Amino acid sequence: MVQDPLPGHGQEGEEPDSSPLPSASEDPGPEDDPSPEQGLYITLPAGHLTLAGFCQGGASDTMAPGALLAAVVETVTGEDGAGLAGCSDDQLMGIISAAWRQQSRDAWVLMAAIGEFARRAGTGVEGEFAADELAAELRMSQPSAAGQMDFATEVPRRLPRTFAALAAGRIHPIHLRIIEEETRILTDTDAAKADAILAEAAAGKTFGELRYAARKLILKLDPDALKKRKEAAKREAQVRRFREESGNGGMVARELPSDEVLASWQHVEQRALNLRAAGMPGTLQELRVRAYLDLLQERDSRAVPEGPAQNDPPGPPDTGPDGLSEPDGPSGPSGPDGPSDPGGPSDPGGPGPAHPPGPDAGPSLAALVTITIPLATYQGRSAAPGEAGGYGPLDGDDARDLAAAAARHPSTRWCVTALNPDGTAAAHGCIPGRHPPRDAGPPGTGPPRTRPPSLGPPGILATPLTPITRGPCDHAHGQVGYHPSRTLVHLVRARNTTCTAPGCTRPAVRCDLDHTTAYDQGGRTCECNLAPLCRHHHRCKQAERWRLEQPEPGVLVWRTPAGRTYATIPTEYPM
């Protein structure tokens with residue numbers, strides 16, 4: 001192990017240069033100065049750069065976290081971790097402990113910097129969009145960045161000792177989070193008392209032990225804390241749907257009244273027992289899921305017919321004066337195959353892993369959000385994934401099922417988007433009116449077919465597509481007035497399917513269609529000057545010291561008050 005990796009100022013025994021410093025008139029220019037570039041030199045006590053220093057109680061094992069400890073760990077382990085193989089178990093535990101302390105210190109530095117950023121932003125109008133600036137830099141959503149700023153501001157104020165313990169590496173960032181969460185309901189005075197006790201106790205406790213100790217202490221400081229927490233949480237009651245990591249869906253309801261939750265659960269349980277009594281197969285757990293979904297959709301699975309539905313759902317066609325569907329609900333097949341790859345029985349691609357969706361009994365979904373499904377997947381010739389706007393990716397089976405559910409609902413409208421090789425939108429068109437795929441069911445089911453199977457909704461092959469501009473714009477789709485036509489709206493929303501601010505995923509159909517250069521300042525109503533912006537980011541763009549440009553259609557370049565730039569690009573569809 002090299003004991004002296006840092007260079008000295010000269011060779012051993014060499015006298016230091018005692019010549020006087022040059023005067024201002026004698027100061028050589030940068031090209032004439034022969035002296036080496038000045039740097040930072042660190043002198044370490046003996047033993048700090050040896051593995052022995054990481055043994056229990058050694059110099060490095062007890063070193064406070066910071067730049068010096070980080071340099072020592074990096075030196076002894078090496079960039080590729082090759083030094084770890086030569087460590088004893090004791091030394092390896094010392095390195096793990098050092099990295100743990102350093103992790104806490106790094107978290108403290110991040111919080112301190114975010115807190116300073118929040119302080120400079122202030123709470124006035126000038127600070128309203130500070131979280132957007134932080135979100136762009138940290139690649140997170142605006143609400144997450146705002147939460148980070150609040151956390152970094154409140155913790156040093158209410159829990160200064162806990163914050164200091166984090167800086168010293170005595171506690172982990174999760175310890176800090178637990179203490180902050182548990183003391184949030186306390187007054188500032190009681191929080192200060194809890195801070196002094198818990199900051200010292202946390203270092204010797206697991207996360208579970210700390211949370212238990214914190215709750216006991218809080219009840220001692222404020223016996224009504226549980227009641228206050230319960231009342232405060234009621235204001236956060238919510239029901240939301242989400243995509244599971246597995247690809248399945250999930251729903252959760254939080255902070256509801258206990259009596260209503262128990263009564264609702266009893267209702268689900270009884271409905272599940274009724275389904276089992278009616279002979280429906282499945283475990284009781286599976287039947288509870290079916291009962292839960294039945295109750296939410298006001299249906300009864302016991303009454304579902306055996307065969308596929310024979311009739312179309314009622315509802316008149318709904319088209320605009322130009323024959324295009326309403327822009328707020330594009331749905332249906334959209335993918336790399338587009339209308340130029342129709343498939344069908346003669347397609348050499350052959351049968352796929354599944355049948356295309358049919359109108360058999362099942363959920364009915366108004367496709368008022370974008371459902372993206374490659375045409376080959378819809379036809380059962382491919383397992384390429386689809387996507388539901390605001391929900392996430394769907395595997396081929398789920399995408400077909402969702403398209404079938406959309407086909408059952410009279411409000412669904414169908415659009416077609418052809419893709420470029422890179423997955424971005426190349427052209428877009430809409431099928432006028434309501435078109436559930438009446439004869440797209442599995443072979444041998446449903447009424448006799450009057451057209452080849454597996455071609456998707458009627459009219460898909462004849463749908464005219466309008467090219468979506470990329471690169472220099474010739475303004476072929478530009479308009480004279482302020483309000484864009486349905487065609488232009490669809491082109492822009494097919495090109496950018498979400499808000500075009502960094503990190504924002506709000507679906508384009510729920511966004512404003514913004515003129516990047518204001519219309520009253522000469523901005524065109526054209527693909528090259530229109531982009532979806534949610535209402536929040538529409539206001540952000542107009543705030544002082546924020547700048548937004550669209551150098552080419554679909555590419556948005558944001559410049560923040562800090563002078564940093566962030567770019568967003570056209571949507572890349574699943575392929």
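Residues numbered from 1 in each chain as written. Predicted model: local features only at pLDDT ≥ 70, side-chain atom pairs only at ≥ 80, totals over all residues. Heavy atoms only, no water.

## Re the side chain of D222
Take D222: it is sitting in the loop between α8 (207-221) and α9 (225-234). Residue classification places D222 among the buried residues on the basis of a relative accessible area of 9%. Setting aside residues no more than four positions away along its own chain, D222 makes contact with L186, D190 and K228. (Helix = DSSP H or I, 4+ residues; strand = E, 2+ residues; numbered from the N terminus. Buried < 20%, exposed > 50% of the residue type's maximum accessible area, 1.4 Å probe, protein only. Contact = heavy atoms within 4.5 Å.)

## Comments concerning the sheet that holds strand β12 (residues 547-552)
Strand order in the open sheet formed by three strands is β12-β13-β14, and the pairing between neighbours is antiparallel. Strand pairing shows two members of the sheet lacking a second neighbour, β12 and β14 (565-568), which therefore form its edges. Looking at each pair of strands side by side, their axes are set apart by 25° on average, direction ignored. As defined by bridge partners, strand β13 (residues 555-559) adjoins β14 across four bridges and the pair is classed as antiparallel. For R559, the partnering residue across the bridge sits in β14 and is T565. (Pairing = 2+ DSSP bridges. Axes fitted to C-alpha atoms, helices over the stretch in contact; angles between N-to-C directions.)

## Quick look at helix α5 (residues 160-167)
Within α5 the residues assigned to the buried category are T162, F163, A165, L166 and A167. Buried residues along α5 sit in contact with α2 (89-121), α4 (142-158), α6 (173-183) and α7 (188-201). Positioned one or two residues after α5, G169 has a phi angle of 75°, which is positive.

## Notes on empty space enclosed by the protein
Summed over all chains, the structure comprises two cavities of 30 Å³ or more. Each pocket or cavity is described by its volume, and for the largest cavity that value is around 60 Å³. Secondary structure elements with two or more residues in the lining of the largest cavity: α3 (130-138) and α15 (535-542). Looking at the lining of the largest cavity residue by residue, the class counts come to seven nonpolar, two polar and one charged. Its boundaries defined by the atoms lining it, the second largest cavity holds a volume of some 30 Å³. Contributions of two or more residues to the lining of the second largest cavity are made by α8 and α9. Counted by class, the lining of the second largest cavity contains four nonpolar, no polar and three charged residues. (1 Å grid on protein atoms, 1.4 Å probe; cavity = no way out; pocket = protein on both sides within 12 Å on 5 of 7 lines; lining within 4 Å. Points joined across faces, edges and corners; volume = space filled by probe spheres on them. Nonpolar A, V, L, I, M, F, W, Y, C, P; charged D, E, K, R; others polar.)

## Concerning the pattern of salt bridges
Overall, the coordinates contain 21 salt bridges when judged by the stated rule. Close ionic contact of R120 with E116 constitutes a salt bridge, the shortest N to O distance being 2.9 Å. Highlighted residues: R120 and E116, both in helix α2, separated by four residues, approximately one helical turn. For E116, a relative accessible area of 28% puts it in the partly exposed group. (Salt bridge = Lys/Arg side-chain N within 4 Å of Asp/Glu carboxyl O.)

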